[in-house]
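Understanding the architecture of this molecule
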Amino acid sequence: MDLRYSPEEQAFREDIRRFLEDRLDSRLREKVRNGQRLNKSDYENWHALLNTRGWLAVTWPREYGGTGWNAVQRHIFEEECCAAGAPRIVPFGLNMLGPVLMKFGSQAQRDYYLPRILDGSDWWCQGYSEPGAGSDLASLRTRAVRKGDVYVVDGQKTWTTLGHYANRIFCLVRTSTDGKPQEGISFLLIDMQSPGIEVKPIVLLDGEHEVNEVFFDAVQVPVENLVGEENRGWTYAKYLLTHERTGIAGVGFSTTALDDLRRIARVQLKSGLPLAKDPYFAARMAKVEIDLEAMKTTNLRIIAAAATGSAPGVESSMLKIKGTVIRQEINDLTRRALGPYALPFVSEALEAGHNQEAIGPDYANPVANQYFNNRKLSIFGGSNEIQKNIIAKSLGL
Amino acid sequence: MDFSHNEQRRMLEETATRFLRDNYPLRVRHEHAAATAGFSRDMWSRFAELGLVGALFHEQHGGYGGTGFDIAVLFEALGRSLVVEPFFASLLGGSLLAELCRPEQRALIAEIINGSRLVSVAHTEPQSRYDLADVATSATRDPHGGWRLQGNKAVVPNGDTAESLIVSARMHGTQSEPQGIGLFLVDARAAGLERCGYATVDGGRAAEITLNDVVLDESASLGRAGEAFAALENAVGLATLALCAEALGAMQAATDMTLEYLRTRKQFGVTIGSFQVLQHRYVELLIEIEQVRSQLINAASSIDSGAPDCQWQLSAAKHLTGRVARLVAEETVQLHGGIAMTWEYGLAHFAKRLVMIDHWLGDTDHHLERCVMLARDTGLSATSAIR
Ligand SMILES: Cc1cc2nc3c(=O)[nH]c(=O)nc-3n(C[C@H](O)[C@H](O)[C@H](O)COP(=O)(O)OP(=O)(O)OC[C@H]3O[C@@H](n4cnc5c(N)ncnc54)[C@H](O)[C@@H]3O)c2cc1C
């Protein structure tokens, strides 16, 4: 047992920290720290910055232009990025599609698409869920019928995160209705500019446009855009989902959110004293600190096991559940900490460079809506109930 | 022992429920919330005509109700429809006037009841959080007679549209002493009064108010010396009860929607309501909601009977409401899945109101602490509402 980072790992952390200090655009950092809206070019600039340093594709091996980092290095990187106030890395191309193409894609697909993910030519979105196929993803009905050298796609995807920024979508489509539902699914790469595609916004509970519906009306997709074999898409999708779930513990996000909470609790007053000194609030904070402290080690234990080869399966479900619940709890406490000033909400103040005077403390405006928005964490990426089913099933129950 | 409401209250409940069902779908609520005022003046007049505003006040003040149970019944109905019209502000303002106003100011209450005047209460301050006695705004005697107010007020409900404001200000004493607080009736257009209105996360509107040397007549001061804090506590008590009842109504609406969804949404070839884990979690909510209903009854009864443990009962109700409201909000969203995260589907608006009710008039922790303090200082804890 040795819980210390090695000197190499510490030096690695220093490297990242210095890079972010020097190079992360301070306006972007401010936006993230103030919980303001990020636009497409904010993400693009952030990706481009990492790409110049070779740090964009943290889960990819070197041969494809990735970092080749191990899980501990990735963890350190995530922590430093969050602490520095960097935006998240948009995961669809980098963490989801990339690994699938490396494992199951054709040489031509790899050669064409992987570099375009790195240099920002393509913005991918994830076309899995449908109105009738959420937790029961295998019941999806968007159809692809082969006609000569194209597939003709009809149907609808939904919840497509940042689909309005994307020029490409990877989709699970039904190519057969024989056998079990899982056996008739294929994995298609679709150009969003194709005729017959329509993207419609879904406004979420905080009033923001983050997800979309994507409609397909006789959309023609060249057959070479099929990944792997027809009707084997479910296998690839599951592979992708395990990748989606690594890093899902969100330790970096929670750590940063907890730091923010601590800072706020030191300046918010209750009866003239810092809220952090109020026994009721302090007890709430201490509880979530304890949870996070334990989870950091759970996370690293699982990461260490993954580094020595055993694949994270049930463990990633565990991390997903605990990680999301902790993040949501921190959001809850931050909202609580504000007292009456959790109530005001000035939408325009979410734009950088607005000239609205803050209502109440200058950190207050986005807090309540962040709490509401992050209710999504326990719903998407496989709901927490589904994760529990997975764990229970693995126990033979 | 009798847990049924009298005839008059049953009628109030029926009138409100039927009117809201027919005239106040969520779409209309959103339209009203998005209007400049944050509500519809036209709808407010209609509510007044129906007697719903009058239900907040006793007969002696020109109303048709005014008991804890009247208020509870009405606000529960308002909560089921997420009404954004200014009942809450009017209850606060009107109750203070009813208790403290001079005979010549009585007409104001009549104007509240007929919907022609909105009176809100500017009490909370940027530093006061939920502490009722924390008032830094100052009221000083003007050498020429009357008063001068100086200070800042925070998150005043409907403070941007109210025609009149009842402003609390310190006449003497230290910042968090109950004694020394005065209440003043101020015209919202008074010179030196500035207000900055904004939307609140839960669909209403509020305002920050700056009082910069606002000059008032002698008659602006409400009540006799030393009466203000007790009156404030009473009015806030009624408004706290109202919030608990509103939350109860919103909880019912949210769980009704959820039950319907559990029964109809299919995944894996079956309705999701057939999954036992979801059944249990849903049932848990119903059990907790019944607890809220019971404590609301305890609190309303303690107000109406003038029970000595009334403040404990009210804080117990607000504490429990805060706890259960968060649970209901989070769980009904989770049980729905992604659909509940949308603006369109509607559940989210109930969830938002349920969670944010905790930020009005003291949150779960504030009222838990208050229960502890009241029990310690006065020995008044759960002496039991059932006698
Ligand atoms: C903000 C947001 C962004 C998203 N982004 C994307 C995206 O980019 N691409 C994409 O493809 N999808 C995306 N999703 C969709 C997401 O993956 C689904 O919402 C999720 O899979 C749940 O499906 P559902 O919403 O249809 O809920 P349902 O599957 O209908 O579930 C409803 C409830 O039933 C429970 N439940 C379902 N089955 C069981 C069971 N067997 N046992 C116990 N409980 C069960 C669920 O846990 C949930 O509580 C996003 C969702 C959200 C909210």
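Each chain has its residues counted from 1, running along the sequence as written. To read the labels, note that chains go from A and ligands from 1, taken in the order they are written. Only residues with pLDDT of at least 70 are given local features in this predicted model, and only at 80 or more are side-chain atom pairs given and counted; all residues enter the totals for whole chains, interfaces and linings. Excluded from the side-chain calculation are hydrogens and water; included are all heavy atoms of the structure.

Our focus in this paragraph is the pattern of salt bridges. Any carboxyl oxygen of Asp or Glu that lies within 4 Å of a side-chain nitrogen of Lys or Arg is treated as forming a salt bridge with it. Enumeration according to the criterion identifies 50 salt bridges over all chains in this entry. Note that Glu351 of chain A and Arg37 of chain A form a salt bridge whose closest N and O atoms lie 2.8 Å from each other. Residue Glu351 of chain A is located in the loop between α10 (314-337) and α11 (367-373), and its partner Arg37 of chain A is located in the loop between α2 (26-33) and α3 (40-53); the two are separated by 314 residues in the primary sequence. On the basis of relative accessibility, which here comes to 39%, the residue Glu351 of chain A falls in the partly exposed class. For each residue, the accessible area found with a 1.4 Å probe, counting protein chains only, is set against the maximum for its type, and the residue is called buried under 20%, exposed over 50%, and partly exposed in between. You can call Arg37 of chain A partly exposed: its relative accessible area is 23%. For the salt bridge of Arg375 of chain A with Glu330 of chain B, the shortest nitrogen-to-oxygen distance reads 3.3 Å. You can see Arg375 of chain A sitting in the loop between α11 and α12 (384-394) and its partner Glu330 of chain B sitting in helix α9 (residues 310-336), one on each of two chains. Linked by salt bridges that have partners in common, Glu329, Asp332, Arg335, Arg336 and Arg375 of chain A together with Arg326, Glu330 and Asp358 of chain B make up one network. Helix and strand definitions follow DSSP, with helices as H or I runs of at least four residues and strands as E runs of at least two, each counted in order from the N terminus.

Every one of the 29 residues lining the ligand counts as a neighbour, but Ser135, Thr161, Ser383 and Glu385 of chain A together with Gln334 of chain B are closest to it. Here a residue is considered near a molecule or strand provided that any single heavy atom belonging to it is located within 4 Å of it. Around the ligand the close residues trace back to chains A and B. Here a polar contact is recorded for every N or O atom pair within 3.5 Å, except that within protein the pair must consist of a potential hydrogen donor and a potential acceptor, and residues adjacent in sequence are included only if both atoms are side-chain atoms. Separating an oxygen atom of the ligand from a side-chain N or O atom of Glu385 of chain A is a distance of 2.6 Å. For the ligand, an oxygen atom lies 2.6 Å from a polar atom in the backbone of Gln334 of chain B. Calculation of accessible area relied on Shrake-Rupley with a 1.4 Å probe; when residues are assessed, cover is drawn exclusively from the protein chains displayed. Relative to its free-state accessible area of 980 Å², the ligand is covered by the protein chains to the extent of 94%. A class-by-class count of the residues in the shell around the ligand yields 12 nonpolar, 14 polar and 3 charged. Three residue categories are used. Nonpolar comprises Ala, Val, Leu, Ile, Met, Phe, Trp, Tyr, Cys and Pro, charged comprises Asp, Glu, Lys and Arg, and polar comprises the others, including Gly.

Right, let's get into the interface of chain B and chain A. Contact criterion: two residues are considered in contact whenever any of their non-hydrogen atoms come within 4.5 Å of each other. Taken together, the contact between chain B and chain A spans 47 residues of the former and 50 residues of the latter. In this description, buried area is defined as the sum, over both parts, of the accessible area (probe of 1.4 Å) that is lost when the two are combined. When the buried surface of chain B facing chain A is broken down by residue, Arg129, Gln334 and Met341 of chain B rank first, second and third, together holding 19% of it. The interface formed by chain B and chain A includes 7 salt bridges. On the surface where chain B and chain A come into contact, there are 25 residue pairs in polar contact (both at pLDDT 80 or more). Secondary-structure elements contributing two or more residues to the side of chain B that touches chain A are β3 (147-157), β6 (193-199), β9 (266-267), α8 (276-304), α9, α10 (347-356) and α11 (364-378) of chain B.

This brings us to the domain arrangement of chain B. Residue and element names in this part refer to chain B. Per the domain assignment, the segments making up chain B are domain 1 (7-113), domain 2 (119-226) and domain 3 (230-385). On a C-alpha basis, the centroid separation for the pair domain 1 and domain 3 is 21 Å. Each side of the interface is counted separately: domain 1 has 20 residues, and domain 3 has 30 residues. Carbon and sulfur atoms make up 75% of the surface buried where domain 1 meets domain 3, a total of about 2100 Å² over both sides. Contact with domain 3 buries surface across domain 1, with Phe69, Glu76 and Phe88 losing the most and accounting together for 25% of the total. Here domain 1 is connected to domain 3 by 1 salt bridge. Two residues, Arg293 and Glu76, come together in a salt bridge whose shortest N-O distance is 3.4 Å. Secondary-structure elements contributing two or more residues to the side of domain 1 that touches domain 3 are α2 (26-34), α4 (68-81) and α5 (87-100). Per-element tally for the side of domain 1 that touches domain 3: the top contributor is α4, with 8 residues. The class makeup of the residues in the side of domain 1 that touches domain 3 is 11 nonpolar, 5 polar and 4 charged. Domain delimitation in this document rests on an assignment produced automatically or drawn from a domain database.

A separate point is the domain arrangement of chain A. Residues and elements named next belong to chain A. Segmentation of chain A into domains returns domain 1 (7-89), domain 2 (122-231) and domain 3 (249-394). Computed over C-alpha atoms only, the centres of domain 1 and domain 2 are separated by 30 Å. Facing the 7 residues of domain 1 at the interface are 5 residues of domain 2. Taken over both partners, the interface formed by domain 1 and domain 2 buries close to 460 Å², and the fraction arising from carbon and sulfur atoms is 59%. If you sort the residues of domain 1 by the area they bury against domain 2, Arg37, Lys40 and Tyr43 come out on top, with a joint share of 72%. At the junction of domain 1 with domain 2, the criterion picks out 1 salt bridge. Of the charged contacts, one joins Arg37 and Glu208 as a salt bridge, the two residues approaching to 2.7 Å between their closest N and O atoms. Summed over the shared surface of domain 1 and domain 2, the number is 2 residue pairs in polar contact (both at pLDDT 80 or more). Tallied by class, the residues present in the side of domain 1 that touches domain 2 amount to 2 nonpolar, 1 polar and 4 charged.

Here we come to the environment of Tyr261 of chain B. All names here are of chain B. By the secondary structure assignment, Tyr261 is in helix α7 (residues 228-264). Among the residues examined, Tyr261 registers a relative accessible area of 15% and is labelled buried. Excluding residues that lie within four positions of it along the chain, Tyr261 makes contacts with Ile272, His336, Ile339 and Tyr345.

A separate point is the packing of helix α1 (residues 7-23) of chain A against α3 of chain A. Residues and elements named next belong to chain A. Close contact between α1 and α3 brings their axes to 12 Å; oriented N to C, the two are set at 130 degrees. Compared by their axis directions, α1 and α3 come out oblique. For the crossing formed where α1 meets α3, the hand is right-handed. Of the residues in α3, those touching α1 at Asp15, Phe19, Leu20 and Arg23 are Trp46, Leu49, Leu50 and Arg53. Between the N-to-C directions of two axes lies an angle of 0 to 180 degrees, each axis being a line fitted to C-alpha atoms and, for a helix, fitted only over the stretch in contact. Throughout, the term roughly parallel applies to angles under 35 degrees, roughly antiparallel to angles over 145, roughly perpendicular to angles from 65 to 115, and oblique to all others. Rotating anticlockwise by less than a right angle from the far helix to the near helix defines a left-handed crossing, while the corresponding clockwise rotation defines a right-handed one.

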